[in-house]
Amino acid sequence: MIQITFPDGAQRSYSKGSSAIDIAKSISEGLARKVLAAEVDGEIIDAMRPINNDAHLKLLTWDDKGGKSTFWHSSAHLLAEAIESIFPGTKFGIGPAIDNGFYYDIDLGGAAFGEEEIAKIEKKMKELAGQKNQYLRKEVAKTDAIEYFTQKEDPYKIELLEGLEDGKITFYSQGAFTDLCRGPHIPNTGFIKAIKLTNIAGAYWRGNEKNKMLTRVYGITYPSQKELDDYLLLLEEAKKRDHRKLGKELELFTFSEKVGSGLPLWLPKGAMLRERLQQFLQKAQIESGYLPVITPHIGSKQLYVTSGHWDKYGKDSFRPITTPNEGEEFMLKPMNCPHHCEIYKSSPRSYKDLPLRLAEFGTVYRYEQSGELHGLTRVRGFTQDDAHLFCRPEQVKEEFKKVIDLVMYVFTSLDFHDFTAQISLRDQEDRSKYIGSEENWLIAENSIIEAAAEKGLNTVVEYGEAAFYGPKLDFMVKDALGRSWQLGTIQVDYNLPERFELEYVDADNTKKRPVMIHRAPFGSMERFTAVLLEHCAGNFPVWLAPEQVKVLPISDKFGDYALEVVKLLKAADIRASVDDRQEKIGKKIRDTELMKTPYMLIVGEKEMNEQKVAVRKHGEGDQGVMLNTEFVIFLTNIIKEQTAGTKN
RNA sequence: GCCACUUUAGCUCAGAUGGUAGAGCAACUGAUUCGUAAUCAGUAGGUCAGCGGUUCAAGUCCGCUUAUCGGCUCCA
């Protein structure tokens, strides 16, 4: 008999060799039907595998991350089986589960897949799933495994095998398909009820750009059609909210081939939105003791030689520009910190001056590979909401806490309530690649961990993810569709103070080196705008909306009154204009609704005579009539309320 | 940078198999002066992304380039 311990701590005895499915059956048949895999002492294995020793057992279902990934991994095998049956001779690379579904990399030997092939494969997968074929695990000797794939002429599998240790090699088969695989897998293909192949793309073999480009087929599967439909609906919604689409529709920004790719042009409405965001943050920063500074868009190449960036990124940057006569070289600034270091150095600093917080909405230029550009989220010219905090080592923790406060304040003000923080620390094995003293690193790493804990942040610690110059904390926010974005970042830096020889005079009259903290709550105005746009689907809160109110006269007889109302609104700092086109009111309302303007004021004879406005709210419709002065107070209050949490 | 798809009017898109371009919306003009998501009519607008090639003839076929898009790789 073996002793099985369940996650809730309960213990039960089973006969040796019972599988997770057997154990699930002893609890309930319904549960047994849902079990996809089992986590035994922390390791995920097939639900059908016999358990021979006392163990902690967690039954994994669709609701567990491990269950989902097992399900999708098995689906990848099903995809491969379908491809092999329709296109014999296809060579297979790897086929893992990913966050949303799975893929399989295949070599078609020069052929290409189109819609037709995809539809065929999908159909075949459904057919094979219906056969409820079991996923059978088999341990094989390395030589036999190599022999198998040599016969099959599958060079990629042989390459994978060469990197594996004999004695630990397993094959999984379902139906007519056998694959080299560590597993685990779901019991049989019958669990896979809904299948959708989503995408085809090229991908390098083993992710190396020197290797051959394989065809990657992406797909997603679910245990029910309903769940697949929900997912497809979500994809559709995401498409509707795509910031590139909304940016065009709402006239926020554009790109021009003539100006150059990756160089966004902010249109008036987009610029207004960005200004509002900037003012909002600027105000909060000034209240938190930041000092705004301004630096030029270029800097001597020497500056970046000093900072070390020339060495590290010089060849991947825009080439330096040179002066015509003297041949001096200048770089378009790829970052603001070296300039800020020089501001720090512009005057001797005392320990009493620290922390010194220099802030700048600094526009930087980076040469991004052409294939990387994407809407506003990946561009070649962008503005960081940058600041550098120069402080004494023992102030790092306190400063970190303050920055965390600021970042959380920014996020919640903009209606992002679901976020986690990733703490990136040094590689625990190899510390040679980091600069800065062990002592300082320990202070910084502990400061971050403690600061995050004291602020009650939901954190994940990643070892080996720290920058070479210091540990960092990145904020990941979830948007309204549940998608994760990396936004704000806080980074400790020992490198630049060293390289720029920054100093302060301490209380004991000795010169000391300050620590520098880089931080950007938005990350960049471009990227943040994109994320915000997708988060709120273009329906900005009134305080941010580029245009807050549109006044719609019923006919142009009431145009003058409409102008009067706009004047009243503008006097109260409300962004408003009149739709004075000779269109019917229905048309004006429709167009304004499509522009997602938060409020419409419809004015006709009745309103004009009584100094009133008929209020219509975007997405909600008629709100009734009120005095125009009343509306100004009404809206001003709403804006005040929306920014109440904010320091606006 | 690499692979695949795409590039037609301001926008969204039609234009089998080669025979010198079309719709809706937007714009402009006129009529209409209107009560909560599209008034009617007319006009104008395109060297079919650019360059080169094949052909009697290219939006259509073939190269190269630009940009977009989906991935890969990269991201101070």
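Residues numbered from 1 in each chain as written. Chains lettered and ligands numbered in written order. Predicted model: local features only at pLDDT ≥ 70, side-chain atom pairs only at ≥ 80, totals over all residues. Heavy atoms only, no water.

Next up on the list: a nonpolar patch on the surface. Taken together, the side chains of Ile298, Ile321 and Leu332 define a hydrophobic patch exposed on the protein surface, amounting to about 210 Å² of accessible area. Along the chain, Leu332 turns up in strand E21 (residues 329–332). (Patch = residues over 30% accessible without salt bridge, like charges linked within 9 Å, V, L, I, M, F, W, Y side chains within 5 Å. Areas by Shrake-Rupley, 256 points an atom, 1.4 Å probe, with all protein chains shown as cover. Salt bridge = Lys/Arg side-chain N within 4 Å of Asp/Glu carboxyl O. Helix = DSSP H or I, 4+ residues; strand = E, 2+ residues; numbered from the N terminus.)

Attention now goes to the nonpolar core. Counting residues in hydrophobic clusters, the biggest one holds 83 residues, and the most contacted among them are Leu414 and Leu473. Residue contributions to this core peak at nine residues, all from helix H13 (residues 396–413). Setting aside residues no more than four positions away along its own chain, Leu473 makes contact with Phe400, Ile404, Ala421, Gln422, Ile423, Ile448, Ala452, Leu457, Gly488, Thr489 and Ile490. The next biggest cluster of nonpolar side chains, apart from the first, holds 36 residues, and it includes Ala80, Ile118, Tyr172 and Ile186. (Core = buried A, V, L, I, M, F, W, Y, C linked by side-chain atoms within 4.5 Å. Buried < 20%, exposed > 50% of the residue type's maximum accessible area, 1.4 Å probe, protein only. Contact = heavy atoms within 4.5 Å.)

Looking now at the domain arrangement of chain A. Note: interface size is frequently given as the accessible area lost on complex formation between the parts. Along its sequence, chain A is carved into domain 1 (2–61), domain 2 (66–238), domain 3 (268–297 + 333–534) and domain 4 (549–642). Placing a centre on the C-alpha atoms of domain 1 and another on those of domain 4 gives a separation of 65 Å. (Domains from an automatic or database assignment.)

Take empty space enclosed by the protein next. Applying the stated criterion across every chain yields a total of one cavity of 30 Å³ or more. Within this model, the largest cavity holds a volume of roughly 30 Å³. As for the largest cavity, its lining consists of Ser317, Phe318, Met331, Leu332, Pro334 and Tyr365. Grouping the constituent residues of the lining of the largest cavity by class yields five nonpolar, one polar and no charged. (1 Å grid on protein atoms, 1.4 Å probe; cavity = no way out; pocket = protein on both sides within 12 Å on 5 of 7 lines; lining within 4 Å. Points joined across faces, edges and corners; volume = space filled by probe spheres on them. Nonpolar A, V, L, I, M, F, W, Y, C, P; charged D, E, K, R; others polar.)

Bringing the sheet that holds strand E11 (residues 136–140) into the picture now. Strand order in the open sheet formed by three strands is E11-E12-E13, with antiparallel pairing between adjacent strands. Across the chains shown, the open sheet's two edge strands, defined by having one partner strand only, are E11 and strand E13 (177–180). Geometrically, the sheet is characterised by an average inter-axis angle of 25 degrees between neighbouring strands, direction not taken into account. (Pairing = 2+ DSSP bridges. Axes fitted to C-alpha atoms, helices over the stretch in contact; angles between N-to-C directions.)

Let's shift gears to the pattern of salt bridges. Considering all chains together, one arrives at 44 salt bridges under this definition. The partner of Asp107 in a salt bridge is Lys212, and the shortest N-O contact between them spans 3.1 Å. Taken together, the residues Asp107 in strand E10 (residues 101–107) and Lys212 in the loop between strand E14 (194–204) and strand E15 (213–222) connect sequence positions 105 residues apart. One salt bridge in this structure joins Glu249 and Lys245, with 3.0 Å as the shortest N-O distance. Remark: Lys245 and Glu249 occur in helix H8 (residues 243–249); sequence separation between them is four residues, near one turn of the helix. Note on Glu249: relative accessible area 39%, which makes it partly exposed. A network of salt bridges, in which partner residues are shared, links Lys397, Lys401, Glu450 and Glu454.

Take the protein's contact with RNA strand B next. In the vicinity of RNA strand B there are 49 residues, among which Met335, Glu372, Gln582, Lys587 and Glu607 approach most closely. The share of sugar and phosphate among atoms of RNA strand B within 4 Å of the protein is 48%. In this structure, Arg616 approaches RNA strand B through a side-chain N or O atom, which is 3.1 Å from a base oxygen. When residues of the surface near RNA strand B are traced back to their parent elements, those giving at least two are E14, E15, H8, helix H11 (309–313), helix H18 (585–594), helix H19 (605–610) and strand E34 (612–617). In terms of residues, the surface near RNA strand B owes the most to one element, H18, which gives seven residues. Residue composition of the surface near RNA strand B, by class: 15 nonpolar, 14 polar and 20 charged. (Near = heavy atom within 4 Å. Polar contact = N/O pair within 3.5 Å; in protein donor to acceptor, adjacent residues only side chain to side chain.)

Remark: helix H9 (residues 268–287) packs on H13, axes separated minimally by 11 Å, with the N-to-C direction vectors making an angle of 150 degrees. Considering the angle they form, H9 stands roughly antiparallel to H13. Read as a crossing pair, H9 and H13 show a hand that is right-handed. Contacts from Phe280, Leu281, Ala284 and Gln285 of H9 reach H13 at Leu406, Tyr409, Val410 and Ser413. Of the residues that constitute the contact of H9 with H13, the class distribution is six nonpolar, two polar and no charged. (Parallel < 35°, antiparallel > 145°, perpendicular 65-115°, else oblique. Left-handed = near helix turned anticlockwise from the far one by under 90°.)

Looking now at the layout of surface pockets. Considering only enclosed or pocket space, the largest pocket measures out at about 1,400 Å³ in volume. Around the largest pocket, the lining is made up of 46 residues, and of these Pro334, Met335, Arg366, Phe382 and Gln384 lie nearest the centre. Mapped by element, the contributors of at least two residues to the lining of the largest pocket are helix H10 (301–307), H11, strand E23 (381–391), strand E26 (472–478), strand E27 (484–493), helix H15 (495–499) and strand E30 (515–520). With five residues, the single largest contributor to the lining of the largest pocket is E27. When the residues that make up the lining of the largest pocket are grouped by side-chain class, the tally is 20 nonpolar, 15 polar and 11 charged.

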